[in-house]
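Tertiary structure, described
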Amino acid sequence: MLRFGIIGCGNIALRFLKGCTYVSDVEVTAGASRDVSKAKEFCLTHGIPYAYGSYEDLLKADTTDAVYIATPPFTHYQLVKEALQYNKHVLCEKPFVATSDQVQELFAMAKSRGLMLMEAMKAVFTPTTQKVKDWITDGRIGELKYAEASYSYRSPFGHDHWVFDPNAMGGGMLDVGVYAIAYLNHVIDSSIEKHVSLQIEGDTGCDEIRQIVVKYRNGVMGSMRGGIGVKTKNIAYFYGTKGYIEVEDFWKSKVANLIVKDIKEVYTADFESEFTFQIAHFANCIKNGTAQSPVMNEAASKTLIDLINGTL
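Every chain is numbered independently, its residues counted from 1 as its sequence is written. Predicted model: local features are reported for residues with pLDDT of at least 70 only, side-chain atom pairs are reported and counted for 80 or more only, and whole-chain, interface and lining totals are derived from all residues. Hydrogens are left out, water is left out, and the side-chain values use all remaining heavy atoms of the structure.

Thoughts on the nonpolar core
Condition: Put simply, buried Ala, Val, Leu, Ile, Met, Phe, Trp, Tyr and Cys residues joined by side-chain atoms within 4.5 Å make one nonpolar core. Residue exposure (1.4 Å probe, protein chains only): buried if accessible area is under 20% of the type maximum, exposed if over 50%, otherwise partly exposed. By the criteria applied, helices consist of DSSP H or I runs no shorter than four residues and strands consist of E runs no shorter than two, each listed in order from the N terminus. Note on contacts: a residue pair qualifies if any of its non-hydrogen atoms lie within 4.5 Å across the two residues.
Phe 4, Phe 16, Tyr 183 and Phe 238 are the most contacted members of the largest nonpolar core, which totals 95 residues. The biggest single contributor to this core is helix α7 (residues 172-188), with 12 residues. In contact with Phe 238, not counting residues within four places along its chain, are Val 132, Ile 136, Ile 141, Leu 144, Tyr 146, Ala 147, Tyr 183, Leu 184, Val 187, Gly 243, Tyr 244 and Ile 245.

Below, the structure is given as structure tokens:
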């Protein structure tokens, strides 16, 4: 049984907790917040045995084997580093860290200690995503030529929130556009040959909406969009020489549509939480002694942040 501790007892932690209930060999045994009363209330409400008023207290205690880091992204690098120093496996929410140098440093540290480290990227692990890959691999839409994915919303937060702070890993592409990047990179499964990027900046200097267009080495062109300034239709499309695939809200969807010659085939998955599959994958990697996830590994996280930073 893998014992998880949750670092950061906010809304995302609740969704992670729900996802854990559908993984048989995982249990959440601890929660930590900088506000001890918040940690105690969270743990008491959800039947979690141990509550801590500091992240370090959870990390140094022998009540967990792994941690899920659900704090704002600008805190990730230091928290991941501390967790590895205390010999905890780490599943860290997206976006992982700010630079590819930090990605390399942390994965090297995890490797040296025999620990599992993974960026939490639920979009690439769902059954719906696997069905999309299968349809493409089986040639159901012919030869894949072009794909696009968008996740853009109008943020309800004020400009004092980290999501609008360019110095705190804010902005549309880092906040939610990462899903689109990871999703297309995973499904298309090819290295990137060229890329261009355009964005509209808001008053704080963050990208309120940004689009990245890439040319993969296998010849496919892809477009990824992320935003916090405008709500768009958030659909992924894959266009081939015979037909196309569409997936609305692709990062959590239970439905994918295959359209060939105006005939629609609908795939529907049955699951309660889109978090379940990345958690199960993470736990299985640890159980099997896998050094890194074969899906969301160092190379995947490095490509993602390099593409956003323009350093690919």
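Some points on the sheet that holds strand β8 (residues 192-201)
Put simply, the rule reads: Strand pairing follows a simple DSSP-based rule, namely that at least 2 bridges must link the two strands. Comment: axis = line fitted to C-alpha atoms, over the contacting stretch for helices; angle = value between 0 and 180 degrees taken between N-to-C directions.
The strand order across the open sheet formed by 8 strands is β8-β9-β10-β7-β11-β12-β13-β14, and the pairing between neighbours is mixed. Two strands in the sheet have a free side with no partner beyond their single neighbour: β8 and β14 (263-268). Adjacent strand axes in the sheet meet at a mean angle of 10° when their direction is disregarded. Note: β8 against strand β9 (residues 207-216), 9 bridges, orientation antiparallel. If you follow Leu 198 over to β9, its bridge partner there is Gln 211. Its contacts with the sheet put α7 on β7 (144-152), β8, β9, β10 (221-227), β11 (235-240) and β12 (243-248), and the angle it makes with β10 is roughly 160°. Where helix α9 (residues 298-309) meets the sheet, its contacts fall on β8, β9 and β10, and the angle it forms with β9 comes to roughly 115°.

Digging into the sheet that holds strand β4 (residues 66-69)
Strand order in the open sheet formed by 6 strands is β3-β2-β1-β4-β5-β6, and the pairing between neighbours is parallel. Where the open sheet ends on each side, the last strands, each with one partner, are β3 (50-52) and β6 (117-120). Here the average twist between neighbouring strands, direction ignored, is 25°. Alignment of strand β1 (residues 2-7) against β4, held across 4 bridges, turns out to be parallel. Bridge assignment links Gly 5 to a residue of β4, and that residue is Val 67. Its contacts with the sheet place helix α8 (residues 276-287) against β1, β2 (26-32), β4, β5 (89-93) and β6, and it is angled at close to 130° to β1.

Some remarks on the packing of aromatic side chains
Quick note on the threshold: For this analysis, a ring pair means two rings from Phe, Tyr or Trp (six-membered ring only for Trp) whose centres lie within 6.5 Å, classed as stacked if their planes differ by under 30 degrees, edge-to-face if by over 60, and tilted for the remaining angles. Remark: a charge is flagged as sitting over a ring if the NZ atom of Lys or the CZ atom of Arg is within 6 Å of the ring centre and within 35 degrees of the ring normal.
Applying the stated criterion to the full structure yields 15 aromatic pairs. Taking 5.8 Å as the distance between ring centres and 20° as the angle between the ring planes, the aromatic pair formed by Tyr 151 and Tyr 179 counts as stacked. Of this pair, Tyr 151 sits in strand β7 while Tyr 179 sits in helix α7; the two residues are 28 residues apart in sequence, bridging distant segments of the chain. Assigned by exposure class, Tyr 151 and Tyr 179 land together as buried. Aromatic ring contacts, followed pair by pair, group Tyr 151, Tyr 153, Tyr 179, Tyr 183, Phe 238, Phe 250 and Trp 251 into a single cluster. Lying over the aromatic face of Phe 271, Lys 254 brings its terminal NZ or CZ to 5.5 Å of the ring centre.

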